[in-house]
Amino acid sequence: MANETNSASSTAAPLLQVRGLRKAFGAVRATDGVDLALQKGEIHALIGPNGAGKSTLIAQLCGELQPDAGSIVLGGEDVTALAAFARARKGLSRSFQITELCPDYTVLENVVLSLLLTTGRAFQAWSNPRHDPTLTASAARWLGEVGLDDRAGIHVRDLAHGEKRQLELAVALARSPRLLLLDEPMAGMGAEESARMTALLNGLKRRYTILLVEHDMDAVFALADRITVLVYGKTIFTGTPDEVRSHPEVRAAYLGEEAC
Ligand SMILES: Nc1ncnc2c1ncn2[C@@H]1O[C@H](COP(=O)(O)OP(=O)(O)OP(=O)(O)O)[C@@H](O)[C@H]1O
Ligand SMILES: [Mg+2]
């Protein structure tokens, strides 16, 4: 299948430019020469069947996995050789890892912690910052952004699954990301929670650049400005939701009846 880019993409320099990214696990070519360009302010969805290489691509973007070949350029700077923590400092880090949340801290404290880590303030000062009015006010604002203001004092362990995902989004936003890498933010959610998360992400549109990996096609088609389809480690198509819906190879490879 040919690589195509049919969408009316902007002529502005992309915020993220990925070229020829390759990663093999033994005989499995998880990403097999991936090219991808994200324009500032777009929600760009990455879809594809199980095992297509989506999470492997995200892991390479955030620096958890070193590619075998290819380059990752963020805002004109080649970050391919940078470690994950160095990329995170440049605003490129993965979100939605619930394991990152501290279950014994409150919702508000988790966001304060994220702000602390972002600003690089000393960890030993933790007992004070959790009551620091500037930090807590800022954290409360992020909670408002994700609709968790009324849960600020609850321990994370007592949150519902969907609320943890909302908190994870607040934690990510508090890091002032240049690019949000979201790997299946709707995973494990019921219809109501998915709809809430879709609305939240829609509220971030234009203010953030988002790479959204998601199997929930309702969410993808509601949110994405452009969609890239990955199959067996190769991007087979990039286009608008309408272009993707009507693309015969994409329908055959992935969407099936969902595209009808
Ligand atoms: N650490 C690893 N070691 C060996 N093989 C791996 C590893 N990580 C991923 N793979 C393999 O690489 C391929 C791509 O996996 P990946 O998890 O990136 O797919 P995915 O598109 O995210 O799938 P899903 O939609 O199920 O999350 C799969 O064949 C997978 O088994
Ligand atoms: Mg995955």
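Numbering of residues starts from 1 in each chain and follows the order in which that chain's sequence is written. For naming, the first written chain is A and the first written ligand is 1, with later ones following in the order written. Per-residue local features of the predicted model are confined to residues with pLDDT of at least 70, and side-chain atom pairs are confined, for both listing and counting, to 80 or more; whole-chain, interface and lining totals are unaffected and use all residues.

Naming follows an unreviewed UniProt entry, where the protein chain appears as ABC transporter ATP-binding protein of Hydrogenophaga atypica.

Draft legend 1. A look at the pairing of strand E1 (residues 16–25). Between any two strands, pairing holds if DSSP finds at least two bridges. Elements are defined by DSSP. Helices are runs of H or I of four residues or more, strands are runs of E of two residues or more, and each kind is numbered from the N terminus. The sheet contact formed by E1 and strand E2 (residues 28–38) spans 8 bridges and is antiparallel. From the neighbouring strand, Gln-17 faces E2, where its bridge partner is Ala-37. Hairpin connection of E1 to E2: 2 residues between the antiparallel strands, including Gly-26 at a positive phi of 60°. For E1 and strand E4 (residues 69–74), the ladder comprises 5 bridges, and the chain directions are antiparallel. Bridge pairing links Arg-19 to Ser-71 in E4.

Draft legend 2. Broad picture of unusual backbone geometry. Its identity as a non-glycine residue notwithstanding, Glu-184 has a phi of 55°, on the positive side. Tracing the sequence through the fold places Glu-184 in the loop between strand E7 (179–183) and helix H6 (191–203). With a phi close to 75°, Arg-206 is a non-glycine residue in the positive phi region. Among the structural elements, Arg-206 can be located in the loop between H6 and strand E8 (210–213). A residue is called partly exposed when the number of other C-beta atoms within 10 Å of its own lies between 12 and 20, exposed at 12 or fewer, and buried at 20 or more, with C-beta atoms placed from the backbone. Residue classification places Arg-206 among the exposed residues on the basis of 11 C-beta atoms within 10 Å.

Draft legend 3. Expanded view of the sheet that holds strand E3 (residues 43–47). Taken in spatial order, the 6 strands make up an open sheet running E6-E7-E8-E3-E9-E10, and their pairing is mixed. The open sheet has two free edges, formed respectively by strand E6 (92–95) and strand E10 (234–239), since each of these has just one partner strand. Between one strand and the next, the sheet's axes are offset by a mean angle of 20°, whatever the strand orientation. As defined by bridge partners, E3 adjoins E8 across 4 bridges and the pair is classed as parallel. Each bridged residue has a counterpart across the sheet, and for Ala-45 the counterpart in E8 is Leu-212. What counts as an axis is a line fitted to C-alpha atoms, over the stretch in contact for a helix, and the angles between N-to-C directions run from 0 to 180 degrees.

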